[in-house]
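Residue-level structural notes
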Amino acid sequence: MDHQLYLIQSQFKEDLTINVISNDIADLLKEVNDPEIRQKILENLAIKELHTLSSQELSKLIRDADNDTIQWTTSTGSSNQIDVEALARNFVIHLIAKLLSSKRDEELFRYLLGGIRLLHSLCDLAPRNNKLEQILLDDLKISEQMLDLIFYLITVLASFKKESQLALVHSALLACSLYLLTAFISSQWNELALVLLAHPKVDIFLPVAFAAVHIDIQFLQVRLSQFTDTGMRSNLAEVNRLCQHCEASLQFLQSLCQQRFFRERLVKNKELCGEGGILLLAHDIMKLPFCEESYLMAVVSRLKSKVLSILLHLCEVESVSFLDVAASTTAGLTLAKSTIFQVLELLKTMFRGDLNGLSAFSDKTYPRGLL
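This section reports on the structure supplied with the text. These figures come from a predicted structure and were not determined experimentally.

A few points about the overall build of the protein chain
- Each helix and strand counted, the protein chain has 18 helices and two strands in total.
- Burial statistics for the protein chain: of 371 residues in total, 53% are counted as buried.
- Residue pairs at least 24 apart in sequence account for 75% of intrachain contacts in the protein chain once pairs closer than 6 positions are excluded.
- For the protein chain, the exposed area adds up to about 17300 Å²; of that, 50% sits on carbon and sulfur atoms.

Take a look at the structure:
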């Protein structure tokens, strides 16, 4: 998954190059006497410039820092510097303020994606830099801010409309935000699950996380239908990227659901289980069409495998019956029957062996999961 996340981040490296604040940022900073304003300008500039660097490039900048001051040359050729500690300590709250105060448009979400990418890089470097480690990994206040940022950002992403034109940015931002939790909390899923379950907002986070992934699946449904119905080869690269993002986010949820105590808490969430949130996600993933493009066919197969795995884990919970909770209302029972019908149709298709030639492609080249 680390490789998959790297692909998601790196493909936006060029797309996220936003114009700098001023054509001559150095002259602007000279005219600003207020240190707080100077700091805000530098934080904006740091996001816009430093997020395009790889972890290795950023690590070299930090190693070469004189008195822990990062110095770099901007895209306009001017030289700038920012204190490592100041950047790490103020960066998260800066992104929160940006999310709260800015118009929610493409520019903002690309800016936030750049910020999340930079946080990933800083967290990757933290174990090898004392100051970064003390701030990003050990400071409880900063950890709380990171969780607030991720929870609130995913809540905003869960409110997107199906017809949004920002499908790629939305899906990349969601995947990167989810995996930021593994970067600063723990890469061990059982440890991460325990931290999330101990958070007072976990019952808010769970429904919006599944809802945001569901929105990306709806984006993918539309793109796959367009690709299949019209044969538009021009949007193949976009569909491939969207598939990568959806799979990464769904894999995150599946990994958490593999933890027994996590799925026990999940089954008790009324919005997700009692009101059909998880079944809706599963239903729409099962309806994703297979197509002749071998890579897309394999990804769709893996998506269906992952969501069925999530359902299976939930059915294994002994304290509460997921099926009883999910089918406790007329609407829930109808949705459950429809989802089961989708599963049976898939089984019939697979037993007939006519998944549009899926078996003709090498598992080594395009692994299809355990569908």
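Moving on from the model shown.
With respect to the side chain of asparagine 269
- Topologically, asparagine 269 is positioned in the loop between helix 13 (260-267) and helix 14 (270-274).
- A polar atom in the side chain of asparagine 269 sits 3.0 Å from the backbone nitrogen of leucine 272.
- The residues touching asparagine 269, leaving out its near neighbours within four places in the chain, are Asp203, Leu206, Pro207 and Gly274.

A few points about the packing of aromatic side chains
- In this structure the tally under the stated criterion is five aromatic pairs.
- Considering the side-chain rings of phenylalanine 109 and phenylalanine 160, the 5.2 Å spacing of their centres and the 70° angle between planes classify their relative orientation as edge-to-face. On the criterion of sequence distance, the pair formed by phenylalanine 109 in helix 6 (residues 106-125) and phenylalanine 160 in the loop between helix 8 (140-157) and helix 9 (167-184) is long-range, its members being 51 residues apart. As far as the burial class goes, phenylalanine 109 and phenylalanine 160 line up, both buried.
- Ring plane angle 75° and centroid distance 5.3 Å describe the contact between tryptophan 189 and phenylalanine 252, whose orientation is recorded as edge-to-face.

Let's talk about a nonpolar patch on the surface
- Together, Ile340, Leu344, Leu347 and Phe351 make up an exposed nonpolar region whose accessible area comes to about 440 Å².
- Tracing the chain through its elements places isoleucine 340 in helix 18 (residues 330-352).

With respect to the pattern of salt bridges
- Counted under the stated rule, the structure contains 11 salt bridges.
- Note that arginine 223 is salt-bridged to glutamate 238, the shortest N-O span being 3.0 Å. Here arginine 223, found in helix 11 (residues 202-230), pairs with glutamate 238, found in helix 12 (residues 236-257); they are 15 residues apart in sequence, far enough to count as distant.
- For arginine 223, a relative accessible area of 10% corresponds to the buried category.
- Among the residues examined, glutamate 238 registers a relative accessible area of 28% and is labelled partly exposed.
- The partner of glutamate 316 in a salt bridge is arginine 263, with the nearest N and O atoms 4.0 Å apart. Of this pair, glutamate 316 sits in the loop between helix 16 (294-315) and helix 17 (322-326) while arginine 263 sits in helix 13, placing them 53 residues apart in sequence.
- Residue glutamate 316 is classed as partly exposed on the basis of its relative accessible area of 41%.
- Its relative accessible area of 12% is what places arginine 263 among the buried residues.
- Look at the salt bridges and you will find they share partners, linking Glu85, Arg89, Lys131 and Asp139 into a network.

With respect to the side chain of serine 309
- For serine 309, the position within the fold is in helix 16.
- Polar contacts involving the side chain of serine 309 include one to the side chain of glutamine 254, which spans 3.1 Å.

Digging into the packing of helix 6 against helix 8
- Packing of helix 6 against helix 8 brings their axes to within 13 Å, and their N-to-C directions diverge by 145°. Crossing handedness for the pair helix 6 and helix 8: left-handed. Where helix 6 approaches helix 8, its residues Phe109, Leu112, Ile116, Leu119 and Cys123 are matched on the opposing element by Met146, Leu149, Leu153, Val156 and Leu157.
- Of the residues in the contact of helix 6 with helix 8, the class split is 10 nonpolar, no polar and no charged.

Parameters and conventions
- Residues numbered from 1 in each chain as written.
- Predicted model: local features only at pLDDT ≥ 70, side-chain atom pairs only at ≥ 80, totals over all residues.
- Heavy atoms only, no water.
- Helix = DSSP H or I, 4+ residues; strand = E, 2+ residues; numbered from the N terminus.
- Buried < 20%, exposed > 50% of the residue type's maximum accessible area, 1.4 Å probe, protein only.
- Contact = heavy atoms within 4.5 Å.
- Areas by Shrake-Rupley, 256 points an atom, 1.4 Å probe, with all protein chains shown as cover.
- Polar contact = N/O pair within 3.5 Å; in protein donor to acceptor, adjacent residues only side chain to side chain.
- Phe/Tyr/Trp six-rings, centres within 6.5 Å; stacked < 30°, edge-to-face > 60°.
- Patch = residues over 30% accessible without salt bridge, like charges linked within 9 Å, V, L, I, M, F, W, Y side chains within 5 Å.
- Salt bridge = Lys/Arg side-chain N within 4 Å of Asp/Glu carboxyl O.
- Axes fitted to C-alpha atoms, helices over the stretch in contact; angles between N-to-C directions.
- Left-handed = near helix turned anticlockwise from the far one by under 90°.
- Nonpolar A, V, L, I, M, F, W, Y, C, P; charged D, E, K, R; others polar.

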